[in-house]
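# Remarks on the overall topology
Spelled out, the chains give:
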Amino acid sequence: MTLLSGQTARTAGIRPRLDLMPYLFILPAVAIYVVFNLGPVLASFVFSFFKWDLLSPTAEFTGLSHYTFILNDDRFWNALGHNFIFLGLAVVIPVWIGLLLAVFIYEIRRGRVFFRAALFLPAIFSGVVIAYVWKWIYHPFAGVLNPALELVGLGAFTQSWLGDHKIALYSTFIAYAWATFGYSMVIFLAGLQDIPTDIIDAARVDGANFRQKLFRIIIPSLYDVFTFVVTLRIFTAMGIFGVIFILTGGGPFYSSDVIDIYVFRMIGNFEMGWATAAATVNAVIVVCISTGFIKWREWRSWSS
Amino acid sequence: MNRSRSRLRKPFLVILTLLAIGLFSLAPSLAQETTEILVWGMGYDDDYDEILVNRFNDAHDDINIVYENVLTGELSENSQKVRVAMENEAGPDVLGGVDTGANLQALVATGQVRDLTEFYRSSGLIERIPDNLLAQVSIKGRIYAIPQNMESVGIFYNKDAFAELGLEPPTTFEEYQAVLEAVKDAGLYGYTMGLAGGWPSALMASMFMYSSAGSEYIDVLSGTQPWPDCEACLAGLQAFQDMVNMGYANPDPLGIDYNQSLDLFYQGLSIMVLNGPWFINDAISSDPDFEIGFFYLPPVNPATDIKTLGGIGSSLIVAEYAPVDAAFKVVEWMMTEELAVQALRDIAVLPAFSIEVPEDIPPLYYQIASETAANVDKIGFWPVTYLPPKVFGDMNQIVQGMIGGMLSPEDLLNEMQATHSDYLAEN
């Protein structure tokens, strides 16, 4: 009654009750996040300042020496450079293949379900399976790629796909692209469903060709989806490990080495300080690139 | 009369029952005390280790082996686990599968590895283990480990293809090159090489360097001699590189891994493979259409001070904190000839001492076991056990660089010097 007459709960002497229920609901998720995500990340950051072999009960504080070591290590920069090459390719090739296939599936009238399932199939395999499949595709004696190239008159392109240091990294990228374009495709396909059909129909009636529809309607309409897919590719390209590890182990002679394999090698040698320092530097780079990219996309969106 | 007897019988039965219960409850304390010995890895494979443990426990009332299979994962990982556990007296009483070289030195440095010099004398082991192997388990004149089995590395070859081409196992490196040339002329690959994925690269290059430089190479690995100063190592590397440059090996060795390279051998495309006894079971189970033979890789440099490639496969150590008598009993049992013959028969493991090789084992086991037994006093070191794991990992990549034409043998030695000295400076 008094509250209705304009008094607040505080002035009326009523203490607001703290409703704990919402916090209790999110507590399991927060606990899992802290224990399995935030905790290890923070622990990893702390370990990077200590010389510790993972098992000894004592660790020696070494300050920034691990960072100095890895930043002066040519192999760290070599690996990081390969990550950037991978990143440059990953944000273009699987993304565009995924987009074009999504548009293709969206446009066709028959076999949509079949193509969607068939093209998405590689994305559901684990990286390990994909790597082993490609290992046999590239096999110099029993593989199918070189004979297939010869069969179609492209014998000049037969290669030592994994043994040649000039192309080993790109060979691993092909396996990665094959595994990831289906995922991009499905996300784009979901985005395409949200484009009002009357816009596309109107363009069709107005006589717009495929290229005009793609660049004037579809791609601008998928702006946020693009941002999401590319951000995802940034994460996976900078954290690429399994495919390369199985296909080349980072070789020959570090020619396909990437940061996560560099880190893995350090962990295998129980050099936790170096490993965590390298992982921290990589994490900072990934955060900077992905945040920068998202901010740039937001700025472009607002400015246009 | 009968009634009074039955009256007496009841209390008598009660007393008897109580006595029996009392005796049963006392039984454990009257029985012989059992000492538990914690064992981590007996040096064989996990399944076979468990068979041995059960056999021991069935035959002994006074000692009970508790077997923990904690040694899973990479070799370097296991070495580290054991080192830390022993440092904290939380490790095993008896440990098998110990490498010589850097690994044994690191374990002894914990101060928890028992000096076995006196045990060697009292048990008579000193007469059974040849001096060349004893030297590998000794540090500053004291013996810390017992060589348990041996890995004799050599060339496994396709006997049928050799016969077809009229070839004989070579005894010198020149003869070996002549064999490779003949195999190449016949359109086959002589030397099987699968270097993608790491470890075979460093291992093979090491074998050639060791076969050329002998103990000088061990000085290089130990960090007491710079890599670029080892001219004999360079000659070994050049001989290794020739396997590819002269077309003796399969093409694209960097494009296939170890297992894929073995397929070339089993399919009869390549007719020789440098390998160790761990290959025997795989070769037999693969059941190729040809008979497999074995010969030692002839030394690149005949003047070298080593005779055969390979070394101690694994050795046993006893912890300082272990119940000593019981631990020694376990170790003595593991070193019996009977058990060695059984391991050879069951899983093709060669003992690190001379045994009478049984004739009823598969011919390939028999040949390798006989040759190893005959050469047990000439067996060399496992060179790669002298390198820290990180440097060994780098060496795999660096050797790939040489085989892929990115580095010359001289560059390889310089790269190894850089990576090895960086590591030593940091540690």
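Residues numbered from 1 in each chain as written. Chains lettered and ligands numbered in written order. Predicted model: local features only at pLDDT ≥ 70, side-chain atom pairs only at ≥ 80, totals over all residues. Heavy atoms only, no water.

Further remarks concern the overall build of chain A. Counting secondary structure elements, chain A contains 14 helices and two strands. The globule rule puts the C-alpha radius of gyration for 304 residues at 19 Å, and the 26 Å found for chain A is more than 25% above it. With the C-alpha coordinates aligned to their principal axes, the bounding extent of chain A is approximately 90 × 75 × 35 Å. A fraction of 69% describes how many contacts in chain A between residues 6 or more apart in sequence connect residues 24 or more apart. With an accessible surface of roughly 17,000 Å², chain A has 69% of that area assigned to carbon and sulfur atoms. Of the charged side chains in chain A, 20 are positive and 17 negative; the average position of the first set lies 8 Å away from that of the second. (Helix = DSSP H or I, 4+ residues; strand = E, 2+ residues; numbered from the N terminus. Rg over C-alpha atoms; globule rule 2.2 N^0.38 Å. Contact = heavy atoms within 4.5 Å. Areas by Shrake-Rupley, 256 points an atom, 1.4 Å probe, with all protein chains shown as cover. Lys, Arg positive; Asp, Glu negative; His and termini not counted. Charge placed at Lys NZ, Arg CZ, Asp CG, Glu CD.)

The first and last C-alpha atoms of helix α1 (residues 21-47) of chain A sit 37 Å apart over 27 residues, in line with the 39 Å expected at 1.5 Å per residue. Bending of α1(A) peaks at approximately 40° at the position of A:Leu27, with proline A:Pro28 no more than four residues after it. (Expected span 1.5 Å × (residues − 1). Bend = angle between axes of the 7 residues up to and from the residue.)

All right, on to the packing of aromatic side chains then. Enumeration according to the criterion identifies 42 aromatic pairs over all chains in this entry. Ring centres 4.1 Å apart and planes at 10° place the aromatic pair A:Phe69 and A:Trp274 in the stacked group. A residue pair is termed long-range when its members are at least 10 positions apart, and A:Phe69 in helix α2 (residues 65-71) and A:Trp274 in helix α14 (residues 272-303) qualify at 205 residues. Its relative accessible area of 4% is what places A:Trp274 among the buried residues. Note on B:Tyr191 and B:Phe208: the rings are 6.1 Å apart at their centroids and 65° apart in plane angle, and the pair reads as edge-to-face. Residue B:Tyr191 is found in strand β7 (residues 189-191), and its partner B:Phe208 is found in helix α10 (residues 200-213); the two are separated by 17 residues along the sequence. As far as burial versus exposure is concerned, B:Tyr191 and B:Phe208 are alike and both buried. It is A:Arg297 that lies over the ring of A:Tyr223; its NZ or CZ is 3.9 Å from the centre. Across from the ring centre of B:Phe353, 4.6 Å away, lies the NZ or CZ of B:Arg128, which sits over that ring. (Phe/Tyr/Trp six-rings, centres within 6.5 Å; stacked < 30°, edge-to-face > 60°. Buried < 20%, exposed > 50% of the residue type's maximum accessible area, 1.4 Å probe, protein only. Lys NZ or Arg CZ within 6 Å of the ring centre and 35° of its normal.)

As for its placement among the helices and strands, B:Tyr423 is situated in helix α19 (residues 409-426). Given a relative accessible area of 15%, B:Tyr423 falls into the buried group. With 183 residues separating them in the primary sequence, B:Tyr423 and B:Phe240 have C-alpha atoms 26 Å apart. Discounting residues that sit within four places of it in the chain, B:Tyr423 has contacts with A:Glu271, B:Pro388, B:Lys390 and B:Val391.

This brings us to unusual backbone geometry. Look at the link from A:Gly251 to A:Pro252: it is a cis peptide, with omega at -5°. Mapped onto the fold, A:Pro252 is located in the loop between α12 (242-247) and α13 (259-268). You will see that B:Glu89, though not glycine, has its phi angle at about 55°, which is positive. Position of B:Glu89 relative to the elements: it lies in the loop between α3 (75-87) and β3 (94-98).

Here the focus is the domain arrangement of chain A. Residue and element names in this part refer to chain A. Each assigned domain of chain A is listed with its residue range as follows: domain 1 (21-61) and domain 2 (66-303). Taking only C-alpha atoms into account, the centre of domain 1 sits 30 Å from that of domain 2. Taken together, the contacts link 11 residues of domain 1 with eight residues of domain 2. Between domain 1 and domain 2, roughly 800 Å² of surface is buried when both sides are summed, and carbon and sulfur atoms account for 64% of that area. The interface formed by domain 1 and domain 2 includes four residue pairs in polar contact (both at pLDDT 80 or more). When residues of the side of domain 1 that touches domain 2 are traced back to their parent elements, those giving at least two are α1 and β1 (50-51). Counting residues per element, the side of domain 1 that touches domain 2 draws most heavily on α1, at three residues. (Domains from an automatic or database assignment. Buried area = accessible area lost by both parts, 1.4 Å probe. Polar contact = N/O pair within 3.5 Å; in protein donor to acceptor, adjacent residues only side chain to side chain.)

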